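Structural description and commentary
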Amino acid sequence: MKRHDPIPVTVLTGFLGSGKTTLLNRLLKDPQLTDTAVIVNEFGDVGIDHLLVEQSSDGVIELSDGCLCCTVRGELVDTLAELVDRLQTGRIERLRRIVIETTGLADPAPVLQAVMGHPVLADGLRLDGVITTLDALNAMGTLDRHEEAVKQVAVADRIVLTKTDLAGDASLDTLCARIGALNPGAPLLDAQEAQTGYAALFDCGLYDPETKTADVQRWLRDEAIAAAHHHHHHHHDVNRHDARIRAFTLVHDGLVDRDAIAMFIDLLRSAHSERVLRMKGIVGLSDNPERPLVIHGVQGTFHPPARLPSWPDNDRRTRIVVITRDLGEDFVRDLFGAFAGQPAADRADRVALESNPLVVPGHRF
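What you are looking at is a predicted structure, and each value in this text was computed from that prediction instead of being measured. (Residues numbered from 1 in each chain as written. Predicted model: local features only at pLDDT ≥ 70, side-chain atom pairs only at ≥ 80, totals over all residues. Heavy atoms only, no water.)

Turning to empty space enclosed by the protein, a few remarks are in order. Empty space among the atoms becomes apparent when a probe as large as a water molecule is rolled across them. Enumeration according to the criterion identifies 4 cavities of 30 Å³ or more in this entry. Taken as a whole, the largest cavity holds about 160 Å³ of empty space. In this structure, the largest cavity is lined by 19 residues; those nearest its centre are Ala156, Asp157, Gly185, Leu220 and Lys280. The set of elements that each furnish at least two residues to the lining of the largest cavity consists of helix H9 (216-220), strand E12 (276-283) and strand E16 (318-325). (1 Å grid on protein atoms, 1.4 Å probe; cavity = no way out; pocket = protein on both sides within 12 Å on 5 of 7 lines; lining within 4 Å. Points joined across faces, edges and corners; volume = space filled by probe spheres on them. Helix = DSSP H or I, 4+ residues; strand = E, 2+ residues; numbered from the N terminus.)

Have a look at this one:
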């Protein structure tokens, strides 16, 4: 049996009519996507004649009898496992990448969980990224009405705006500002522009395929999230789904105990898994400061943590990007601080100590 590097998996999602199939058709003409397996919902809409197309018991994979993330999720897991097995046993000579196109109504989280959390798949596959298409002409209304569309944008690594030629400049500015508040870490690309191709959309995972080294800054894009936090001070409309989403970065200059970070993740996973849409980061551990830990999770499912051989650059801070829904940023920060050795007096206790009407003047507790 041959041993291969984990196969990168790209998830292409977007709401109904957002143009993801059109984008996929265009991308599949790129020679760099040769030896790519494509799993689609409607095979007839996608031109994949020149590509490697994996076969299931029913022929070409065509998950058209249900949503990819729910009723046929088991079939997806089986299909991915079969692809890995065929490559490792030599029945497939080359498989450079897998692209999964979800249905327009799909929540992408279960698809990501299938790639990251399955014991066999997690060893043979790695999540490269999530590409989300958004119809610029109708996006504002779509985001207002459909929580699935908001979630598709929130978990994206790349966001591609389609039909920008039909939307006015003012509408585009408003939409871009809204997307920037919702997911400031994802580059915003225009499908009309020629550079929206393979190089801009793929290879957005932790490892740079050119240098064969970890590119943490590119992967986390935590500086973009920090900048958005600094500049965006608008009020959220509580009736919009956006108001429920938060993206922020946890930063810690010191080292963290390995058991402490494990307990922090386990607590979030066990008590708030549905609220933590995505988490990815690099953590400096006290047991071996020279080899940082990489974590990556989607709604309670985490890829097995991995140690890097060394820090990829001079920035040795712990940085964890968190995207939450209905989970306050302050709560997550305080929880992380407690496990990272940054204890603080409980708010209720602080009020009791400092605002107690029975306190003795001049006496500090």
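With that settled, the discussion passes to the environment of Val283. Assignment of secondary structure puts Val283 in strand E12. Among the residues examined, Val283 registers a relative accessible area of 0% and is labelled buried. Separated by 26 residues in the primary sequence, Val283 and Asp257 have C-alpha atoms spaced 9.7 Å apart. (Buried < 20%, exposed > 50% of the residue type's maximum accessible area, 1.4 Å probe, protein only.)

If you walk through the whole model with that rule in mind, you get 3 aromatic pairs. Ring centres of Phe264 and Phe336 lie 5.3 Å apart, and the angle between their planes is 70 degrees; this geometry places the pair in the edge-to-face category. Taken as a pair, Phe264 in helix H11 (residues 258-272) and Phe336 in helix H12 (residues 329-339) lie far apart in primary sequence, 72 residues in all. Phe336 shares its class with Phe264; the two are buried. Judged by its relative accessible area of 0%, Phe264 is buried. Among the aromatic residues, ring-to-ring pairing joins Phe264, Phe336 and Phe339 into one connected group. (Phe/Tyr/Trp six-rings, centres within 6.5 Å; stacked < 30°, edge-to-face > 60°.)

Here the focus is helix H6 (residues 147-154). Most of H6 is tucked away, with 6 of its 8 residues classed as buried. Among the residues of H6, Ala149, Val150, Lys151, Gln152, Val153 and Ala154 are the ones counted as buried.

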